[in-house]
4 protein chains.
Amino acid sequence: MNFASDNTTGIAPEILQALVAGNDGFALGYGNDDVTRAVERRIGEIFERDVAIFLVPTGTASNALALAHVSPPWGAVFAHAEAHILTDECGAPEFFGAGLKLVGLPGVGCKVTPQTLAETVSHYEGHSPHQVIPSAFSFAQASEAGTIYRPDEITALAAIAHAHGMKVHMDGARFANALVRMNASPAEITWKAGVDVLSFGATKAGALAAEAVVFFDRAAAAHMAERRKRAGHLLSKHRFLSLQFEAFLNNDCWLRLARHANVMADRLAAGLAAAGRPPVWPVEANLVFIALPKLAVAKLKSAGAQFYVRASDSLPGQVKFGPDQSLIRLVTSFATRPEEVEKFVELAAKV
Amino acid sequence: MNFASDNTTGIAPEILQALVAGNDGFALGYGNDDVTRAVERRIGEIFERDVAIFLVPTGTASNALALAHVSPPWGAVFAHAEAHILTDECGAPEFFGAGLKLVGLPGVGCKVTPQTLAETVSHYEGHSPHQVIPSAFSFAQASEAGTIYRPDEITALAAIAHAHGMKVHMDGARFANALVRMNASPAEITWKAGVDVLSFGATKAGALAAEAVVFFDRAAAAHMAERRKRAGHLLSKHRFLSLQFEAFLNNDCWLRLARHANVMADRLAAGLAAAGRPPVWPVEANLVFIALPKLAVAKLKSAGAQFYVRASDSLPGQVKFGPDQSLIRLVTSFATRPEEVEKFVELAAKV
Amino acid sequence: MNFASDNTTGIAPEILQALVAGNDGFALGYGNDDVTRAVERRIGEIFERDVAIFLVPTGTASNALALAHVSPPWGAVFAHAEAHILTDECGAPEFFGAGLKLVGLPGVGCKVTPQTLAETVSHYEGHSPHQVIPSAFSFAQASEAGTIYRPDEITALAAIAHAHGMKVHMDGARFANALVRMNASPAEITWKAGVDVLSFGATKAGALAAEAVVFFDRAAAAHMAERRKRAGHLLSKHRFLSLQFEAFLNNDCWLRLARHANVMADRLAAGLAAAGRPPVWPVEANLVFIALPKLAVAKLKSAGAQFYVRASDSLPGQVKFGPDQSLIRLVTSFATRPEEVEKFVELAAKV
Amino acid sequence: MNFASDNTTGIAPEILQALVAGNDGFALGYGNDDVTRAVERRIGEIFERDVAIFLVPTGTASNALALAHVSPPWGAVFAHAEAHILTDECGAPEFFGAGLKLVGLPGVGCKVTPQTLAETVSHYEGHSPHQVIPSAFSFAQASEAGTIYRPDEITALAAIAHAHGMKVHMDGARFANALVRMNASPAEITWKAGVDVLSFGATKAGALAAEAVVFFDRAAAAHMAERRKRAGHLLSKHRFLSLQFEAFLNNDCWLRLARHANVMADRLAAGLAAAGRPPVWPVEANLVFIALPKLAVAKLKSAGAQFYVRASDSLPGQVKFGPDQSLIRLVTSFATRPEEVEKFVELAAKV
């Protein structure tokens, strides 16, 4: 019953197999190999556009490199106050961005509304050069609460961002989970809705360690190669990053893996709701959050369930916690088995 | 006949097998797993000392993180002018080190002599705060010329560095190749000789992507965890870095792989010398450099040999190049087969 | 009727005279002169302690250099959300601090309470290395609202900071204004209450451009000379910074200038209160904030009054603004004349 | 007999008087005042072009801000190995430039030749993204050796720089001294010869602390206001920077001050040459370097002469030093009196 994180899993079999199969022989380092070229083409096809991509081993690198590339050091990057880039990357965007400033915004379900973005940005105008300049809006798809932004929401947010000269960055560590939930194409939830640069994650979704920074405007990627290199994120045996992505994207593997994770989350949510523990936020990706008495948390853990207790300021108004309750986060993945879900639901119903 | 680089190889079978074998089940992310603990202990055993280690995916990250941790932004890091950190990392040490300064020193065979170090450092004293302050000496073992520093040389260099308040960093991207050439232990060529921090490489030696920053004084590693994280170099599925290192170090695998590479280099050098093409520098690791007429270079390449032409200001005085000659670099690895070496030698004798 | 800012004034006559008188002859540059030594001693006397001081030309430099020196790049610096360092320095602390993170806290009257500090800091613990580490608490004395922290408040805040391993920085751009309001010595409101480093301002108080970073623990200032130099803040003709400070501190000039500014602010506040426009925050330094109908603002401006309209989220609960009202800031200084105050009050009573 | 530096002087009378005269009344801070506008216009007239200017208090700030604005973090800035930016700014360009790399070039008389520039730059091409990218050429006018670059030399250097996509920066800490030596206009030795950005110095030439970054292409200055602000170099009482520059440029004051300094240097050089101590480099600005026996140095110092001993690797081939000799630097200024020059020459002839 491991619901701790989607990064506690191993490598999806299809991807591991690709590493083994692609190990033979020699290949030029640093991305000058055929597999890397093929991955570039494949990602272009998926997004129906000529893109510039940069593979890196971690999501933090992917986010920070992308943000640093679209924001000057005197820029303000707006994002939800509980976004990974603000709370879990130890200041990586500030480091990569030579001291740029992250501004945390409120919003239920870890989502920023167009109204909030517009109002906040308005406070950052007309005070130059004393104040930093709005440079980017970043949002996580799916969000840290497991909620997703629909195409029209993205379009509205991006319109505000662009109207103020800002770029739009999507933290897609769980991009596949969000995508398969919607009746929309990869293009429709990214550049067609106004996203300028995407951190496209494969690691949580099944890879060993592989993330792609995707620029939808190739010109905007100028000198990203140097930025990546000097950050130590250009792998010498780069083909192994590319092999992961190739297998991930091949034959809809990524969509299949994400759907499984989401189905497991849905099943978990449904079971818990039936047991009187409804999720506090809509379950739209592979994350389920519920409120539990602290005693129940302890019992579940001692029964072998693995998960984290979280805190959040973005709960819906109607959700109330007493001092004896905790918010717990349950993460499913490509590796989650139905039996584990059932066992957990059963236990949760009892405690 | 691929002698382009040791990073054009795939993964050594022992290491790949370990990735496959270690893939089952779940493990806590970010290095909070049992394999990582085991690797920490194992590296401590190898170096006969309680060390602090930080695994990262690239050599550039390993070098830059180490240097930034031992040098303040107003520090000067002295190294050979042709060192990888100066010429091939696109300014990574400067980036990680918030603008520290690298100072390139001359020296035959890409090695810095104690005399040169002492004299250069003397020019950086007594002029504070106008000038940067000597903070570290960094040297590559083996060097970019394939030469190695013997324990007494390291001891002499480190003594000078320490006498001036500097730390000593060893870029050990080819540490194993240097080690197996000497009748000395890992401890004797590192901390016993005065090395403070080592970038211990496994990638060129056979791993997919795995390097360890090794601090011989654990206290000096304080907050390196944060530095690594904010650089995006803390892998979420960290166990796969550890699995690589575990297999690499297990049963002397690393020494065996390095010995093979060195033997191949020796055989290459001997064959070429016999053919009238002696190496320009002593072959002490897995690199062989020879002078060749440009015409011969072209012929070898068209015959399928892969290698790079290099330039160097650190050739021995007696080596002379005419305008029609090139310096070529031949790199062997764990994957080099004797047949390739023989074929190359044979071809080189003819052209 | 210039109440726009204390930086719209010229140079106080005593200070200007010192520049003229000290201009003769030659003096070694970069602070190696006798006047600089004298100022160091004098500041030590004032604070009853052996201090390390660094003179710089701007308050932003003083704050940013101080914060960067007490916080690592992975540090979090806590301060009021409307503090100058967060809103008016265009990211200087982040730049000087290699990407450190500023965390804005709420609080009425631009003051942070011990409770708020303690609670916020508690959210930054136990999540290393994913989250930045609490490194410093910074507060402005007087605050941006013109309120001041009393010795017991500082003591309580500093105790919390120190208990969590944080340093305490005081932004004293209006230090003199705060000091003369209290029955306390410079020592009592700084290091005796737990302040580690002070940005001691003279510019707003009457100098041309002179601020001192004061370290109460000399050891904590190690290498600040290099940090200042590489930031371009070591003046070559440094004696002119020192001459300003010498005159500023001589014969209680600084206290006299500050008292005048405060008296003018008190008179302004009293007159406005009598006219039905009471200050929204206690007037404890040289700043007076009142609510005014927008129409009145326009009338005052057209009558020649100079001041800025501000926005704040730190108004007391009982203060309510309608959509037709503005918060205006009135700043007095050593150069404010009583006639101007009276004229303004008279006008404000009418509009 | 103070020949230590042009920064040991006080303020030129014309400039000091302007500070006194301009002190009355109030003025908006941060450069939003009339004097600043006037200075902008005046500098534009002097350079016969619409320029963007940014006043700052130090030469180091001026140089570092300019370089950071024309070079990305992965850029290489080429300059003479003994340039102030490399040896005397404690890494300021690297700090401001987020880790850019300075590359020191050789050259007699602290001057870089077109040949040297072209050859060095050629080694920095074709190796992206492993190596930093040529981004700027910076040269001091006058140089640290007191030599100057003639218009045709600048044109040749700038042509090479521009051909490689680099910008050209002139460190004009002693711009006036160089200018008045040539039969050329300010425009002819800057933008007409290919200079993109100039650090125009007034401090050494007579100001208290005032330097201007001058962009000859206004578009290239976009966001320099933010860069200056976040570096703490936007003075709040900015009018006092402007007043200095206004007086400096008024009625050819700057040219008169510089001519005096140069004349003093010429007289010093002629006298010393007549006494058998000819300058080692051509005296083209206000610096005179001669070789002296160490015993003579000591005698001169004990007789009250103030100057520094220097070391240089850019002496002309014919100049030879024995181990008992020193290279001494003598700096004249607007404040140097003929009597001092004569006294020094007389003494030097004797010792």
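Rules used in this analysis
Residues numbered from 1 in each chain as written. Chains lettered and ligands numbered in written order. Predicted model: local features only at pLDDT ≥ 70, side-chain atom pairs only at ≥ 80, totals over all residues. Heavy atoms only, no water. Phe/Tyr/Trp six-rings, centres within 6.5 Å; stacked < 30°, edge-to-face > 60°. Helix = DSSP H or I, 4+ residues; strand = E, 2+ residues; numbered from the N terminus. Buried < 20%, exposed > 50% of the residue type's maximum accessible area, 1.4 Å probe, protein only. Core = buried A, V, L, I, M, F, W, Y, C linked by side-chain atoms within 4.5 Å. Salt bridge = Lys/Arg side-chain N within 4 Å of Asp/Glu carboxyl O. Contact = heavy atoms within 4.5 Å. Buried area = accessible area lost by both parts, 1.4 Å probe. Polar contact = N/O pair within 3.5 Å; in protein donor to acceptor, adjacent residues only side chain to side chain. Nonpolar A, V, L, I, M, F, W, Y, C, P; charged D, E, K, R; others polar. Least-squares fit on C-alpha atoms with pLDDT ≥ 70 in both. Axes fitted to C-alpha atoms, helices over the stretch in contact; angles between N-to-C directions. Parallel < 35°, antiparallel > 145°, perpendicular 65-115°, else oblique. Left-handed = near helix turned anticlockwise from the far one by under 90°. Pairing = 2+ DSSP bridges. Disulfide = S-S within 2.5 Å. Expected span 1.5 Å × (residues − 1).

(A) A look at the packing of aromatic side chains. All chains considered together, the criterion is met by 78 aromatic pairs over all chains. When the ring of Phe175 of chain A is compared with that of Trp254 of chain A, the centres are 6.4 Å apart and the planes differ by 10°; the resulting orientation is stacked. One end of the pair, Phe175 of chain A, is in helix α8 (residues 175-179); the other, Trp254 of chain A, is in helix α11 (residues 253-274), and 79 residues separate them in sequence. For Phe175 of chain A, a relative accessible area of 0% puts it in the buried group. Judged by its relative accessible area of 3%, Trp254 of chain A falls in the buried class. Each ring, one from Phe200 of chain C and one from Trp254 of chain C, has its centre 5.4 Å from the other, and the planes form 65°; the classification is edge-to-face.

(B) Structural view of the nonpolar core. In terms of nonpolar packing, the biggest core is built from 147 residues, with Phe200 and Phe245 of chain A together with Phe200 and Phe245 of chain B touching the most fellow members. Counting residues in each nonpolar core, the second largest holds 143 residues, with Tyr149, Val168 and Leu235 of chain C together with Ala76 of chain D among its members.

(C) Spotlight on the pattern of salt bridges. Following the criterion strictly, the structure yields 52 salt bridges over all chains and no others. Here Glu14 of chain C ties to Arg256 of chain C by a salt bridge, and the two come within 3.4 Å at their closest N and O atoms. Within this pair, whereas Glu14 of chain C is found in helix α1 (residues 13-21), its partner Arg256 of chain C is found in helix α11 (residues 253-274), the two being separated by 242 residues in sequence. The class for Arg256 of chain C is partly exposed, based on a relative accessible area of 43%. Overlapping salt bridges bring together Arg337, Glu339 and Glu340 of chain A as one network.

(D) Up close: the interface of chain A and chain D. Contacts between the two partners involve 18 residues from chain A and, on the opposite side, 18 residues from chain D. Carbon and sulfur atoms supply 65% of the area that chain A and chain D bury against each other, a total of about 1600 Å² over both sides. The interface formed by chain A and chain D includes 0 salt bridges. Between chain A and chain D we count 8 residue pairs in polar contact (both at pLDDT 80 or more) in total. Examining the composition of the side of chain A that touches chain D, we find that 5 residues originate from one element, helix α9 (residues 224-230) of chain A, more than from any other. The residue inventory of the side of chain A that touches chain D, partitioned by class, reads 9 nonpolar, 5 polar and 4 charged.

(E) Main features of the relation of the copies chain A and chain D. When chain A is fitted onto chain D, the two copies agree to an RMSD of 0.0 Å after a turn of 180° and an axial shift of 0.0 Å. Such a turn and shift between the copies fits a two-fold axis. The C-alpha atom lying nearest the rotation axis in chain A is that of Ala98 of chain A; the distance is 3.1 Å. Counting the interface residues of chain A, we find that 100% of their copies in chain D are interface residues as well, pointing to one common contact surface.

(F) Local environment of the interface of chain D and chain C. Every contact between the two is made by 47 residues of chain D and, on the other side, 48 residues of chain C. Between chain D and chain C, a total of about 4200 Å² is buried, with carbon and sulfur atoms accounting for 61% of that surface. Contact with chain C buries surface across chain D, with Phe26, Arg230 and Lys237 of chain D losing the most and accounting together for 20% of the total. For the pair chain D and chain C, the number of links is 0 salt bridges.

(G) Just the packing of helix α11 (residues 253-274) of chain B against helix α13 (residues 338-350) of chain B, in detail. Residue and element names in this part refer to chain B. In the contact formed by α11 and α13, the axes pass within 9 Å of each other and the chain directions differ by 20°. Comparing the axis directions of α11 and α13 gives the class roughly parallel. Once α11 is placed against α13, the crossing between them reads as right-handed. For the pair α11 and α13, the contacting residues are Met264, Arg267, Leu268, Gly271 and Leu272 in the first and Pro338, Val341, Glu342, Phe344, Val345 and Ala348 in the second. Grouping the constituent residues of the contact of α11 with α13 by class yields 8 nonpolar, 1 polar and 2 charged.

(H) Geometry of the sheet that holds strand β8 (residues 287-293) of chain D. All names here are of chain D. Pairing is antiparallel across the open sheet formed by 3 strands, whose spatial order is β8-β10-β9. Every interior strand has two partners, whereas the edge strands, β8 and β9 (308-310), have only one. Between one strand axis and the next, the sheet turns through 40° on average, direction left out of account. In terms of strand pairing, β8 meets strand β10 (residues 325-331) through 7 bridges, oriented antiparallel. Across the sheet, residue Leu292 finds its bridge partner in β10, namely Ser326. Each of β8 and β10 touches helix α11 (residues 253-274); the most contacted strand, β8, lies at about 25° to it.

(I) Spatial organisation of the state of the cysteines. Residues and elements named next belong to chain B. According to the stated counting rule, one finds 0 disulfides over all chains in the structure shown. With no disulfide of its own, Cys110 lies closest to Cys90 among cysteine sulfurs, the gap being 20 Å. By relative accessible area, Cys110 is classed as buried at 4%.

(J) Local environment of the side chain of Asn177 of chain B. Along the polypeptide, Asn177 of chain B turns up in helix α8 (residues 175-179). Setting aside its immediate chain neighbours within four residues, Asn177 of chain B contacts Ala258, Ala261, Asn262, Glu284, Ala285 and Asn286 of chain B.

(K) Region of the structure containing helix α2 (residues 34-46) of chain B. All names here are of chain B. Its 13 residues place the ends of α2 19 Å apart at the C-alpha level, agreeing with the 18 Å of an ideal helix rising 1.5 Å per residue. Buried residues belonging to α2 abut β1 (52-56), β7 (211-215), α10 (239-249) and α11. In this structure Asp33 caps α2, since a side-chain oxygen of it lies 3.1 Å from the backbone nitrogen of Val35. Taken from the residues just after α2, Glu48 is the one with a positive phi, measuring 55°.

(L) Local environment of the sheet that holds strand β4 (residues 133-140) of chain A. Residue and element names in this part refer to chain A. If you walk across this open sheet you meet the 7 strands as β1-β7-β6-β5-β4-β2-β3, and the pairing is mixed. Each edge of the sheet is formed by a strand with only one pairing partner; in this case those strands are β1 (52-56) and β3 (101-105). On average, each strand axis in the sheet is tilted by 20° relative to the strand beside it, whichever way the strands run. Running at roughly 120° to β1, helix α2 (residues 34-47) makes contact with β1, β6 (197-201) and β7 (211-215) of the sheet.

(M) Focus on the pairing of strand β10 (residues 325-331) of chain B. All names here are of chain B. Of all the 7 residues making up β10, 6 are buried; the element is thus mostly covered by neighbouring parts of the structure. Taken together, the 3 bridges between strand β9 (residues 308-310) and β10 define a ladder with antiparallel strand orientation. Looking across to β10, one finds that Val309 is bridged to Ile328.

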